[in-house]
2 protein chains.
Amino acid sequence: MITIALPKGGLLSDSIRLLKSVGLDFSAFLDSSNRQLEIWDANHTAKALLVRNYDVPVYVEYGQAQLGIVGYDILREKRPQVAHLLDLQFGHCRLSVAVRAASSYQSALELPAHCRVATKFVQCANEYFNRLDLPVDIVPLYGSVELGPITGMSEAIVDLVATGRTLTENNLVELDKLFDSTARLIAHPLSYRLNRDHLQAWINRIEAALPTAIVS
Amino acid sequence: MITIALPKGGLLSDSIRLLKSVGLDFSAFLDSSNRQLEIWDANHTAKALLVRNYDVPVYVEYGQAQLGIVGYDILREKRPQVAHLLDLQFGHCRLSVAVRAASSYQSALELPAHCRVATKFVQCANEYFNRLDLPVDIVPLYGSVELGPITGMSEAIVDLVATGRTLTENNLVELDKLFDSTARLIAHPLSYRLNRDHLQAWINRIEAALPTAIVS
């Protein structure tokens, strides 16, 4: 029996579709009346945990789930001790630097030293601006990062961009991309190494179900 | 003109009711179709920002909002550099230690040393167990902390309890209380000291509108 940690939010429906294609049905999680955080597939061969996307690596790291599906952005930000197995090729987005459309900046390098940058991705933003050798003052936020430049609290933001609609609606423009992100399959390192509960067979099935099999 | 940072979620409707009683109407934020994060009251005497509860102290600390409404739990966890003015007497809850109802523990002191404690309140939990002189392994989670003991990842949790319904539904029982929490009025220290934009007059009006005026 394996346990899989699934992320609430934008990656959930594609995660459930993928697992359904390998014979594991957790679609009860998509029912809006569902309050369960733990469900079994019909054959009782696997269990799924529904957790916040940021918590997926925690459950996998502690071995409470042998597998997990989570965005690459979170793996980059939290650097959890998990085995990073497959690029699942959905949930495409990018972590980008953005500023007010009315500003004159053409690239992140033009930002003034010691300016404020609001973000949920404190580690990634720090690493990026360190590499540019540009000292900035990171303002850690939990949500609605676009309010940073609107209120004048920050000159720039570092945030995930998918369609770009939120940026446009808030008169912001993208300057530079830190990296692209997609959903990834991760595993508890020890379970993976010891191939507990036939983990490798499940991973192979998931890989075979991908549009074009890519090992990241 | 003053700016007030309001928290999304459970404290929002009471916050809006309180401000309405002093003549500031931000009830547009309660409209489920609202997508605006920044609105003016009808007389353009004040502006409100709608932000995540965790972000309220950030906007106030950086002076983007002169006033903010936020739970005491967040003030205890984040220790922001803000002036802590009034207990607004709504949003009652408590931060508590809870364990599985089936366990034999009667108090937090009986927990085994080095056991795992899942929580969103890492600083508060660390401080509490340090004071008990009980070394524990804090597992930081972002949501659904009750899954910790259910999945066996942690022995205990430290989480907010209001009605106790979530605990009961998940077969958990409260052991000890860390502290009680309510909504608080906070201010940007410099704006408060200099009484910018007649801040003190607004604070007096809010205090007078409370059921029984208590300066915390």
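These numbers come from a predicted model, not from an experiment.

### Description of the overall build of chain A
Here's step 1: Within chain A one finds eight helices and eleven strands.
Here's step 2: The C-alpha extent of chain A, read off along each of the three principal axes, is 60 × 35 × 30 Å.
Here's step 3: Sorting the 216 residues of chain A into buried and exposed places 53% on the buried side.
Here's step 4: Of the contacts formed within chain A by residues at least 6 apart in sequence, a portion of 66% connects residues at least 24 apart.
Here's step 5: When the accessible surface of chain A is split by element, carbon and sulfur atoms take 47% of a total near 9,600 Å².

### Here we look at the pattern of salt bridges
Here's step 1: A complete count under the given rule lists 22 salt bridges over all chains for this structure.
Here's step 2: Taking the shortest distance from any N to any O, the salt bridge between arginine 94 of chain B and glutamate 174 of chain B comes out at 2.6 Å. In this pair, arginine 94 of chain B sits in strand 6 (residues 93-100) while glutamate 174 of chain B sits in strand 10 (residues 172-181), placing the two residues 80 residues apart along the sequence.
Here's step 3: The partly exposed category is assigned to glutamate 174 of chain B, whose relative accessible area is 30%.
Here's step 4: A network of salt bridges, in which partner residues are shared, links Arg76, Arg79, Glu127 and Arg131 of chain A.

### Things to note about the packing of aromatic side chains
Here's step 1: Applying the stated criterion across every chain, the model contains six aromatic pairs over all chains.
Here's step 2: With 5.5 Å between their ring centres and 80° between their planes, tyrosine 72 of chain B and phenylalanine 179 of chain B make a pair best called edge-to-face. Of this pair, tyrosine 72 of chain B sits in helix 3 (residues 72-78) while phenylalanine 179 of chain B sits in strand 10, and the two are 107 residues apart along the sequence. Like phenylalanine 179 of chain B, tyrosine 72 of chain B is buried.
Here's step 3: Ring geometry for tyrosine 128 of chain B against phenylalanine 129 of chain B: centres 5.3 Å apart, planes inclined by 80°, an arrangement best described as edge-to-face. Here tyrosine 128 of chain B and phenylalanine 129 of chain B have matching classes, each one buried.
Here's step 4: Lying across the ring of tryptophan 202 of chain A, arginine 205 of chain A places its NZ or CZ 4.4 Å from the centre.

### A short note on the interface of chain A and chain B
Here's step 1: The interface of chain A with chain B comprises 33 residues on the first partner and 33 residues on the second.
Here's step 2: With both chains or domains summed, chain A and chain B bury close to 2,800 Å², and 56% of this area falls on carbon and sulfur atoms.
Here's step 3: When the buried area of chain A at its contact with chain B is split by residue, Tyr62, Tyr142 and Leu147 of chain A rank highest and sum to 23% of it.
Here's step 4: Across the chain A-chain B interface, the total number found is two salt bridges.
Here's step 5: We note a salt bridge from arginine 35 of chain B to glutamate 169 of chain A, for which the minimum N-O separation is 3.1 Å.
Here's step 6: There are twelve residue pairs in polar contact (both at pLDDT 80 or more) connecting chain A and chain B.
Here's step 7: Secondary structure elements with two or more residues in the side of chain A that touches chain B: strand 3 (46-51), helix 2 (56-61), strand 8 (137-140), helix 5 (147-151) and helix 6 (165-169) of chain A.
Here's step 8: Partitioned by chemical class, the residues of the side of chain A that touches chain B number 16 nonpolar, six polar and eleven charged.

### Examining the pairing of strand 7 (residues 116-119) of chain B
Residue and element names in this part refer to chain B.
Here's step 1: Sheet topology places strand 7 next to strand 8 (residues 137-140); four bridges connect them, and they run parallel. Counterpart to arginine 116 in the pairing with strand 8 is aspartate 137.
Here's step 2: The parallel pair strand 7 and strand 8, bridged by helix 4 (residues 122-131), forms a crossover whose chirality is right-handed.
Here's step 3: For strand 7 and strand 9 (residues 156-161), the ladder comprises three bridges, and the chain directions are parallel.

### Details of the UniProt feature "domain: ATP phosphoribosyltransferase catalytic" (unreviewed entry) in chain A
Here's step 1: The positions UniProt marks with the feature "domain: ATP phosphoribosyltransferase catalytic" (unreviewed entry) are residues 52-207 of chain A.
Here's step 2: Taken end to end, residues 52-207 of chain A is 31% helix and 30% strand, and its two terminal C-alpha atoms sit 24 Å from one another.

### As for the sheet that holds strand 7 of chain B
Residues and elements named next belong to chain B.
Here's step 1: Here we have five strands laid out as an open sheet, ordered 8-7-9-6-10, and mixed in their pairing. With one partner strand each, in any of the chains shown, strand 8 and strand 10 form the two edges of the open sheet. Strand-to-strand, the axes of this sheet are offset by a mean angle of 25°, without reference to chain direction.
Here's step 2: Pairing of strand 6 with strand 9, which is carried by six bridges, proceeds in the antiparallel orientation. Paired with arginine 94 across the two strands is valine 161, which belongs to strand 9.
Here's step 3: Contacting strand 6, strand 7, strand 8, strand 9 and strand 10, helix 4 runs over the sheet at an angle of about 100° to strand 10.

### Quick look at the relation of the copies chain A and chain B
Here's step 1: If you rotate chain A by 180° and push it 0.0 Å along the axis, it lands on chain B with an RMSD of 0.0 Å. One copy is carried onto the other by what is essentially a two-fold rotation axis. Taking the C-alpha atom as reference, chain A places tyrosine 142 of chain A closest to the rotation axis, 5.4 Å from it.
Here's step 2: Residue by residue, 100% of the interface of chain A is reproduced at the interface of chain B, so both copies engage with the same surface.

The rules behind these values
Residues numbered from 1 in each chain as written. Chains lettered and ligands numbered in written order. Predicted model: local features only at pLDDT ≥ 70, side-chain atom pairs only at ≥ 80, totals over all residues. Heavy atoms only, no water. Helix = DSSP H or I, 4+ residues; strand = E, 2+ residues; numbered from the N terminus. Buried < 20%, exposed > 50% of the residue type's maximum accessible area, 1.4 Å probe, protein only. Contact = heavy atoms within 4.5 Å. Areas by Shrake-Rupley, 256 points an atom, 1.4 Å probe, with all protein chains shown as cover. Salt bridge = Lys/Arg side-chain N within 4 Å of Asp/Glu carboxyl O. Phe/Tyr/Trp six-rings, centres within 6.5 Å; stacked < 30°, edge-to-face > 60°. Lys NZ or Arg CZ within 6 Å of the ring centre and 35° of its normal. Buried area = accessible area lost by both parts, 1.4 Å probe. Polar contact = N/O pair within 3.5 Å; in protein donor to acceptor, adjacent residues only side chain to side chain. Nonpolar A, V, L, I, M, F, W, Y, C, P; charged D, E, K, R; others polar. Pairing = 2+ DSSP bridges. Right-handed = clockwise from strand over helix to strand, strands pointing away. UniProt positions renumbered as here; feature names shortened; annotations may be inferred. Axes fitted to C-alpha atoms, helices over the stretch in contact; angles between N-to-C directions. Least-squares fit on C-alpha atoms with pLDDT ≥ 70 in both.

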